[in-house]
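Here is what each chain is made of, one letter per residue.
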Amino acid sequence: MDEKESMLSRVAQLIEQLHSNVSSPQERELTTARLLGIAKARKEARALIGSHGQAMPLFVSILRNGTLMAKINVAATLSVLCKDEDLRIKVLLGGCIPPLLSLLKSDATEARKVAAEALCIVSSGVLSDHVGMKIFVTEGVVPTLWEQLSRNNKQDKVVEGFVTGALRNLCGDKDGYWRTTLDAGGVDIIVSLLSSSNPTAQSNAASLLACLMLGFPDSIPKIIGAGAIKTLLGLLGQHKDASVRASAAEALEALSLKSTEAKQAIVDAQGMPVLIGAIVAPSKEGMQGEWGQALQQHSTQALANICSGMSALLLYLGELSRSPRLAAPVADIIGALAYALMVFKQSGDEEPFESTKIECILIILLKPRDNKLVQERLLEAMASLYGNPNLSVSISQSEAKKVLIGLITMATGDAQEYLILALIRLCTDRVSVWEALGKREGIQMLISSLGLSSEQHQEYAVEMLAILTEEVDDSKWAITAAGGIPPLVQLIEVGSHRAREGAACVLWKLGCHSEDIRACVESSGAIPALIWLLKIGVPNEQEASATALIKLTRTADSATINQLLALLFADSPSSKVHIIKVLGHVLSTASHSELVHKGATANTGLRSLVQVLNSSDEKTQEYAASVLADLFSNRQDM
């Protein structure tokens with residue numbers, strides 16, 4: 001608190017010095033420099049400056065009448081303040097725009113830099129702010145900014161970047177002043193900026209082109225005539241800044257959306273392979289963040305526009321992936337197909353896409369031994385195909401195929417080859433996943449993956465076992481015979497969330513098959529493990545655990561009841577619903593004497609359930625009442 005009060009006092013003192021009429025110009029320069037330093041260093045100081053009633057009027061006064069250095073300090077301070085959204089609004093409403101525009105026209109480069117930066121930052125988010133946009137329109141900001149970019153004004157590269165950034169913030173695709181800009185040679189200005197040595201200016205110029213074409217498609221012939229397509233395709237290259245590449249792809253998307261002539265021009269300029277390369281660039285180059293995502297999205301949509309829709313693009317990339325490998329970058333083509341399959345969405349007015357066509361192409365290309373990169377891209381594409389609900393709905397056994405793809409990506413060597421052949425059989429021979437995996441041999445491989453493998457590998461193995469036990473009764477004895485029950489129990493204790501839930505589900509299905517397997521599961525320590533999962537699991541795991549316990553538990557032994565009672569009255573888990581359900585089932589297996597004899601464990605459990613009726617939680621009360629009703633209904637001897 002002392003430090004905050006000291007800072008408040010310091011800020012107030014500096015602003016008072018600016019307000020004093022006896023301060024010399026040099027003293028004002030020093031004071032504004034100190035305020036700038038404090039604002040840069042401390043977020044709290046920015047809030048204090050912004051909330052001071054005299055700060056904005058003084059800043060406007062200095063921007064109008066101060067020395068050049070004082071103006072530069074104030075403009076820089078405004079830029080710092082505008083990084084906080086609340087303060088940006090205060091700056092915008094404080095009357096700073098006209099003097100900043102005047103400073104932008106200064107002969108001093110440093111003054112133009114700070115003015116341009118302040119205008120760029122204060123204009124962010126203005127397109128969605130009616131009042132803010134009205135201020136910029138009223139003050140004629142956009143025409144002034146375009147004027148600064150005209151051929152007669154050779155700007156510093158930093159100024160150029162900030163000016164184009166402000167225009168990018170202010171120029172939407174429906175703004176009326178674009179027409180004036182076009183008449184004043186705006187296309188030539190923007191296209192020339194695409195070749196700027198400043199990446200920020202290039203990125204902003206490409207984004208401005210996109211807005212211009214979306215709002216005024218009749219400008220596209222002029223844009224094509226200015227050589228923009230070749231330049232934009234060049235900006236997609238590997239050595240360009242990520243923001244530049246993403247914005248160039250955005251412009252190409254707008255071009256291909258609005259003009260048939262532009263589509264053909266992109267194809268004629270060899271733009272298709274360039275756009276395909278742009279889709280896979282983020283994964284190949286390790287490009288992280290929003291610019292990489294934007295590059296992929298815009299490039300994919302540009303290709304879809306050229307091909308007349310996403311469905312047509314999928315078929316185009318599918319056929320292209322069958323090209324001779326020496327004649328085309330097949331790995332990149334398949335990678336682009338993988339991304340397109342992942343983001344594909346079926347439109348309501350479109351015919352359902354025939355996903356099996358793509359599946360047939362991919363499975364023909366998939367080989368147990370192949371170029372590693374091509375094989376990885378094929379598996380990515382198949383994972384996207386089976387993982388997209390819009391596409392997998394028309395593919396048989398898509399869930400099993402998706403899990404099998406996951407197992408293949410986790411496996412190595414002979415095991416991977418074996419699983420690839422299993423996938424090929426599953427897709428081509430019209431067999432079940434049980435037969436494709438080689439029946440018991442496949443079960444043994446899956447069981448071996450439950451122990452020493454990575455978490456993700458374990459999850460895929462458990463998911464496949466869950467699919468097999470759901471579909472094929474023979475798989476349940478195969479799992480038991482292969483020694484699969486102990487590692488499943490162990491997974492409940494040490495596995496990931498997905499693995500624990502899956503393991504509980506498999507144990508439940510095993511217990512449902514026969515009394516012999518149920519006894520094997522119980523003797524492997526499954527019941528204590530599942531009770532522990534009731535305590536520490538997330539809701540899905542608790543539900544799976546409760547379902548398995550109700551199936552596996554046949555006797556009301558004291559240890560099980562005591563464990564459940566301990567959970568019932570413990571702080572965790574917070575929800576007691578599944579514990580109550582399991583406890584009710586266990587009590588239903590107890591003998592009459594155990595239930596009615598005071599002091600017996602089962603009797604204690606019954607009394608505890610009755611106590612739960614006093615719970616303050618309505619859901620807990622409801623479940624307790626329901627379980628007790630079922631118990632009394634099923635046990636008439638009570």
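Residues numbered from 1 in each chain as written. Predicted model: local features only at pLDDT ≥ 70, side-chain atom pairs only at ≥ 80, totals over all residues. Heavy atoms only, no water.

Along the backbone of the protein chain there are 41 helices and zero strands. Scaling as 2.2 N^0.38, a compact globule of 638 residues should have a C-alpha radius of gyration of about 26 Å, whereas the protein chain reaches 34 Å, well beyond that. Along the three orthogonal principal directions, the C-alpha set of the protein chain runs to about 100 × 70 × 40 Å. Sorting the 638 residues of the protein chain into buried and exposed places 52% on the buried side. Relative to all contacts within the protein chain whose residues are 6 or more apart in sequence, the contacts with residues 24 or more apart total 67%. Roughly 28500 Å² of accessible area belongs to the protein chain as shown, and the carbon and sulfur atoms make up 51% of that amount. (Helix = DSSP H or I, 4+ residues; strand = E, 2+ residues; numbered from the N terminus. Rg over C-alpha atoms; globule rule 2.2 N^0.38 Å. Buried < 20%, exposed > 50% of the residue type's maximum accessible area, 1.4 Å probe, protein only. Contact = heavy atoms within 4.5 Å. Areas by Shrake-Rupley, 256 points an atom, 1.4 Å probe, with all protein chains shown as cover.)

This part covers the pattern of salt bridges. Enumeration according to the criterion identifies 21 salt bridges in this entry. Among the ionic pairs, aspartate 84 bridges to arginine 46, the shortest N-O distance being 3.5 Å. Here aspartate 84, found in the loop between helix H5 (68–81) and helix H6 (85–93), pairs with arginine 46, found in helix H3 (residues 43–51); they are 38 residues apart in sequence, far enough to count as distant. Overall, aspartate 84 belongs to the buried group, its relative accessible area being 19%. Between arginine 245 and glutamate 285 there is a salt bridge, and its shortest N-O distance comes to 2.9 Å. In this pair, arginine 245 is assigned in helix H17 (residues 242–258) and glutamate 285 in helix H19 (residues 271–285), connecting sequence segments 40 residues apart. We classify arginine 245 as buried; its relative accessible area is 3%. Because the salt bridges share partners, they merge into one network encompassing Glu515, Arg518, Glu522 and Arg554. (Salt bridge = Lys/Arg side-chain N within 4 Å of Asp/Glu carboxyl O.)

As a further point, take the environment of glycine 50. Relative to the assigned elements, glycine 50 resides in helix H3. Judged by its relative accessible area of 6%, glycine 50 is buried. Along the backbone, glycine 50 and tyrosine 418 are 368 residues apart, and their C-alpha atoms lie at a distance of 67 Å. Apart from residues lying up to four places away in sequence, glycine 50 is in contact with Leu87 and Lys90.

Time to look at the nonpolar core. Phe59, Leu78, Leu209, Leu232, Leu404 and Leu488 are the most contacted members of the largest nonpolar core, which totals 221 residues. The biggest single contributor to this core is helix H22 (residues 330–343), with ten residues. Contacts of leucine 232, omitting those with residues within four sequence positions, involve Leu194, Ala206, Leu209, Ala248, Ala251, Leu252 and Leu255. (Core = buried A, V, L, I, M, F, W, Y, C linked by side-chain atoms within 4.5 Å.)

So, on to helix H11 (residues 157–170). End to end, H11 covers 20 Å across 14 residues, agreeing with the expected 20 Å (1.5 Å per residue, within 8%). Counted residue by residue, H11 has ten buried out of 14 residues, so it is predominantly covered. Residues of H11 that are buried include every one of Val159, Glu160, Gly161, Val163, Thr164, Gly165, Ala166, Leu167, Asn169 and Leu170, and no others. Contact partners of the buried residues in H11: helix H7 (97–104), helix H8 (109–122), helix H9 (130–138), helix H10 (141–149), helix H13 (186–193) and helix H14 (199–215). The backbone nitrogen of valine 158 has a side-chain oxygen 2.8 Å away, supplied by the residue at the start of H11, namely aspartate 156. (Expected span 1.5 Å × (residues − 1). Polar contact = N/O pair within 3.5 Å; in protein donor to acceptor, adjacent residues only side chain to side chain.)

Per the UniProt entry, the sites bearing "repeat: ARM" (unreviewed entry) are residues 483–525 and 604–638 in this numbering. Overall, residues 483–525 shows 84% helix and 0% strand. The separation of its end C-alpha atoms is 14 Å. Secondary structure content for residues 604–638 is 74% helix and 0% strand, and the end C-alpha separation is 15 Å. (UniProt positions renumbered as here; feature names shortened; annotations may be inferred.)

So, on to the packing of helix H32 (residues 485–494) against helix H35 (residues 526–536). Running from N to C, H32 and H35 point in directions that differ by 25°, and their axes come no closer than 9 Å. Relative to H35, the element H32 is oriented roughly parallel. Between H32 and H35 lies a crossing whose hand is left-handed. Residues Val489, Ile492 and Glu493 of H32 form the contact with H35, whose own contacting residues are Ala526, Ala529, Leu530, Trp532 and Leu533. (Axes fitted to C-alpha atoms, helices over the stretch in contact; angles between N-to-C directions. Parallel < 35°, antiparallel > 145°, perpendicular 65-115°, else oblique. Left-handed = near helix turned anticlockwise from the far one by under 90°.)

Our next topic: the packing of aromatic side chains. One pass over the structure, following the stated rule, counts one aromatic pair. Consider the rings of phenylalanine 344 and phenylalanine 353, whose centres lie 5.8 Å apart with planes at 45°: the pair is tilted. (Phe/Tyr/Trp six-rings, centres within 6.5 Å; stacked < 30°, edge-to-face > 60°.)

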